[in-house]
Amino acid sequence: MIEYRTLKIALLGGGTVGSQVARLLLENGAELSSRSGARIELAGIAVRDLDKPRDAALPRELFTTDAEQLILGADIVVELMGGIEPARELIVKALNSGADVVTGNKQLLAVHGPELFDLAGQVGAQLYYEAAVGGAIPIIRPLRDSLAGDSVTRILGIVNGTTNFVLDRMDVDGDELGEALAVATELGYAEADPTADIGGYDAAAKAALLAGLAFHTNVPLESVYREGIEDITKEQVDLAREMGYVVKLLAICERIADPATGEAAVSARVHPALVPRRHPLAAVHGAHNAVFVQAEAAGDLMFYGAGAGGVQTASAVLGDVVSAARRHVAGGPGVAESTHADLPVLPVSAAVTRYHVTLHVADQPGVLAEIARLFAENGASIETVVQSVAGPAGAADGQSPTATLVIGTHAALEASLAATVEALRASAAVTSIAHVLRIEGA
Ligand SMILES: NC(=O)c1ccc[n+]([C@@H]2O[C@H](COP(=O)([O-])OP(=O)(O)OC[C@H]3O[C@@H](n4cnc5c(N)ncnc54)[C@H](O)[C@@H]3O)[C@@H](O)[C@H]2O)c1
Ligand SMILES: N[C@@H](CCO)C(=O)O
Ligand code: NA
């Protein structure tokens, strides 16, 4: 019989994810212990309200409202409370006491990651966060370990389940955004206040983490360009389908050259985009997540699965717990985060993308030439034009006839494409601009 040493786990938070982590730790403790080489013992669960009903039937004596006391004497602290404070302060206490920390808190790491990773490095502890991006999907460890010998050039991620669910309902079921969001809320995907999801804030935090890890540099949350899906209409989704695209909210992290100096830099942005139907990301339906990674040697890789959900996310948390336990058994300091590059993070204007512009114009001689001139003058080259005559303000009510133009551009600097749209808006030849969306993954 092998004599295992005991490792005490302090769980902070007993909500959607925490209650499943606790259940699985209790149910599968023996198996997890054999995999770790140490006896894993759930020492307690810190919550705000002892009487609140939990998703899993858990022994009442495990619950406490005293998180600080629970941390004392723990070997591994699992933070699943969410939010900035007191999560940050408790993680600092845990690391300072010599414990390893496992967290799923992308919001906290996107803001305070550098100081927490520095502290972990100083005290020789480890901070694991597989659950923070893509829920159950292994993506942090592949970027950090499996791809450590390669150079990642680009990441396109569907990293928010709620927005993917909403956009998918609009595409597949013909819902309006509000209807789809109501279903997402009913099914428990969206939060009571869905702003963080719909506004792209949750995806932006994940983009900051992915970009930092992929490019070995610090990517502050405020340097991530962000647009949400709140203005996406059914009309845009339908037009996208007709043109062979699907609308997805993407987190895009790229290694780029600074257009001004040619120096190496990084770009991170979150916005809705048109993805070609043949791209693997177009096949990501419902609340699923997927992260498409391009690396110099490996080529294209895609990581796909459940980006949220209590039990699914608990899988990622428990993987980190086993890793932490193995490190305790093996001894030695943790692996430091490899943020050595210190690359500048450029604004979205420096990114290279393609635009898809739908506009209404007067159906008169010379108008198309004028539109083409505005694109050329601003450094944007047109790839495709589809024209249909008799737009919304047609000739029937006595006005001059209008045409609808749907223009796709070649790749160009975002700055050039945005300037083109401004010039179109100011032009007398343009009646109105209906939609502007970026094309990605083409
Ligand atoms: N739910 C998911 O699908 C999912 C997926 C990936 C990552 N995450 C992340 O995991 C974390 C937990 O998410 P969740 O959905 O389980 O949240 P939740 O709101 O369901 O649970 C939070 C728990 O923390 C406790 N808590 C909060 N503040 C506390 C405090 N001050 N003192 C003591 N206890 C406190 C609450 O009582 C509750 O038990 C968050 O960081 C979230 O972003 C969640
Ligand atoms: N609200 C998030 C949960 C996972 O981080 C989502 O919809 O993807
Ligand atoms: Na993950």
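Procedures and definitions
- Residues numbered from 1 in each chain as written.
- Chains lettered and ligands numbered in written order.
- Predicted model: local features only at pLDDT ≥ 70, side-chain atom pairs only at ≥ 80, totals over all residues.
- Heavy atoms only, no water.
- Helix = DSSP H or I, 4+ residues; strand = E, 2+ residues; numbered from the N terminus.
- Rg over C-alpha atoms; globule rule 2.2 N^0.38 Å.
- Buried < 20%, exposed > 50% of the residue type's maximum accessible area, 1.4 Å probe, protein only.
- Contact = heavy atoms within 4.5 Å.
- Areas by Shrake-Rupley, 256 points an atom, 1.4 Å probe, with all protein chains shown as cover.
- Lys, Arg positive; Asp, Glu negative; His and termini not counted.
- Charge placed at Lys NZ, Arg CZ, Asp CG, Glu CD.
- Salt bridge = Lys/Arg side-chain N within 4 Å of Asp/Glu carboxyl O.
- Polar contact = N/O pair within 3.5 Å; in protein donor to acceptor, adjacent residues only side chain to side chain.
- Donors = N, O, S within 2.8 Å, 3.2 Å for Na, K, Ca; no water.
- Near = heavy atom within 4 Å.
- Pairing = 2+ DSSP bridges.
- Axes fitted to C-alpha atoms, helices over the stretch in contact; angles between N-to-C directions.
- Nonpolar A, V, L, I, M, F, W, Y, C, P; charged D, E, K, R; others polar.
- UniProt positions renumbered as here; feature names shortened; annotations may be inferred.
- Phe/Tyr/Trp six-rings, centres within 6.5 Å; stacked < 30°, edge-to-face > 60°.

Secondary structure summary: the protein contains 14 helices and 17 strands in total. Its C-alpha atoms give the protein a radius of gyration of 25 Å, within 12% of the compact-globule value 22 Å for 442 residues. With the principal axes as the frame, the protein shows a C-alpha extent of 90 × 50 × 35 Å. Burial statistics for the protein: of 442 residues in total, 53% are counted as buried. Of all intrachain contacts in the protein linking residues separated by at least 6 positions in sequence, the fraction that spans at least 24 positions is 73%. Carbon and sulfur atoms make up 52% of the accessible area of the protein, which amounts to about 18,700 Å² in all. Mean positive and mean negative side-chain charge positions of the protein (31 and 54 charges, respectively) differ by 5 Å.

This part covers the side chain of D150. Inspection of the secondary structure assignment puts D150 in the loop between α6 (140-146) and β7 (152-158). Of the buried charged residues, D150 lacks a salt bridge, with R255 as the closest side chain of opposite charge at 7.6 Å. At 2.9 Å, the side chain of D150 and the backbone nitrogen of A297 are in polar contact.

Donor atoms from the polypeptide that coordinate the sodium ion (ligand 3) comprise E130 (O), E130 (OE), V133 (O), G135 (O) and I137 (O), at 2.4 to 2.7 Å from the metal. Read in sequence order, the donor residues coordinating the sodium ion (ligand 3) give the pattern E-x2-V-x1-G-x1-I. On the basis of relative accessible area, G135 is assigned to the buried category, the value being 3%.

Below, the discussion takes up the site of ligand 1. Around ligand 1, a shell composed of 20 residues is seen, among which G14, T16, V17, K106 and G309 lie nearest. The contact in question runs from an oxygen atom of ligand 1 to an N or O atom on the backbone of T16, over 2.9 Å. Taking R48, its main chain carries an N or O atom lying 3.3 Å from an oxygen atom of ligand 1. Burial of ligand 1 by the protein amounts to 78% of the accessible area it has alone, namely 830 Å².

A separate point is the environment of V348. By secondary structure assignment, the location of V348 is in the loop between α12 (310-330) and β13 (352-362). Judged by relative accessible area, V348 falls into the buried class, the value being 16%. Taking C-alpha positions, V348 is 6.9 Å from R269, a pair spaced 79 residues apart along the chain. Residue contacts for V348: discarding those within four places in its chain leaves Y225, R269 and E414.

Once that is clear, we can look at the pattern of salt bridges. A full pass over the atoms with the stated rule returns 30 salt bridges. Three or more residues are tied together by salt bridges with common partners; here these are D171, K234, D238, R241 and R277.

One open sheet accounts for six strands, arranged β3-β2-β1-β4-β5-β6; its pairing is parallel. Two strands bound the open sheet, and with one partner strand each, they are β3 (63-64) and β6 (127-128). As defined by bridge partners, strand β1 (residues 6-12) adjoins strand β2 (residues 39-46) across seven bridges and the pair is classed as parallel. Considered in β2, the bridge of A10 is made with G44. Set on the sheet, helix α1 (residues 16-27) makes contact with β1 and β2; between it and β2 the angle comes to about 150°.

Every residue near ligand 2 is listed here: K106, N160, G161, T162, D197, D202, K206, G307 and A308. G161 is positioned with one of its backbone polar atoms (N or O) 2.7 Å from an oxygen atom of ligand 2. Contact distances for ligand 2 include 2.7 Å between an oxygen atom and a side-chain N or O atom of T162. The set of elements that each furnish at least two residues to the shell around ligand 2 consists of α7 (161-172) and α10 (201-215). Of the residues assigned to the shell around ligand 2, the class counts are one nonpolar, four polar and four charged.

Mapped onto the present numbering, the UniProt feature "binding site: NADP(+)" (unreviewed entry) falls on L12, G13, G14, G15, T16, V17, G18 and S19. With respect to the helices, strands and loops of the structure, G15 is situated in the loop between β1 and α1. By relative accessible area, G15 is classed as partly exposed at 31%. In this structure, T16 is in contact with D55 and G310, ignoring residues within four places of it in sequence.

Judged by how many residues are buried, β1 sits mostly within the fold: five of seven residues are covered. Summarising the sheet, β1 and strand β4 (residues 76-79) pair through four bridges and their orientation is parallel. Bridge pairing in β4 places I9 opposite I76.

Taken as a whole and assessed by the stated rule, the structure comprises two aromatic pairs. For the ring pair F117 and Y129, a centre distance of 5.4 Å and an interplane angle of 55° mean the geometry is tilted. Of this pair, F117 sits in helix α5 (residues 106-123) while Y129 sits in the loop between β6 and α6, placing them 12 residues apart in sequence. Here the two residues F117 and Y129 agree in accessibility, since each one is buried. Between F165 and Y189 the ring centres are 5.0 Å apart and the planes differ by 55°, which places this aromatic pair in the tilted class. Taken together, the residues F165 in helix α7 and Y189 in the loop between α8 (177-186) and α9 (195-198) connect sequence positions 24 residues apart.

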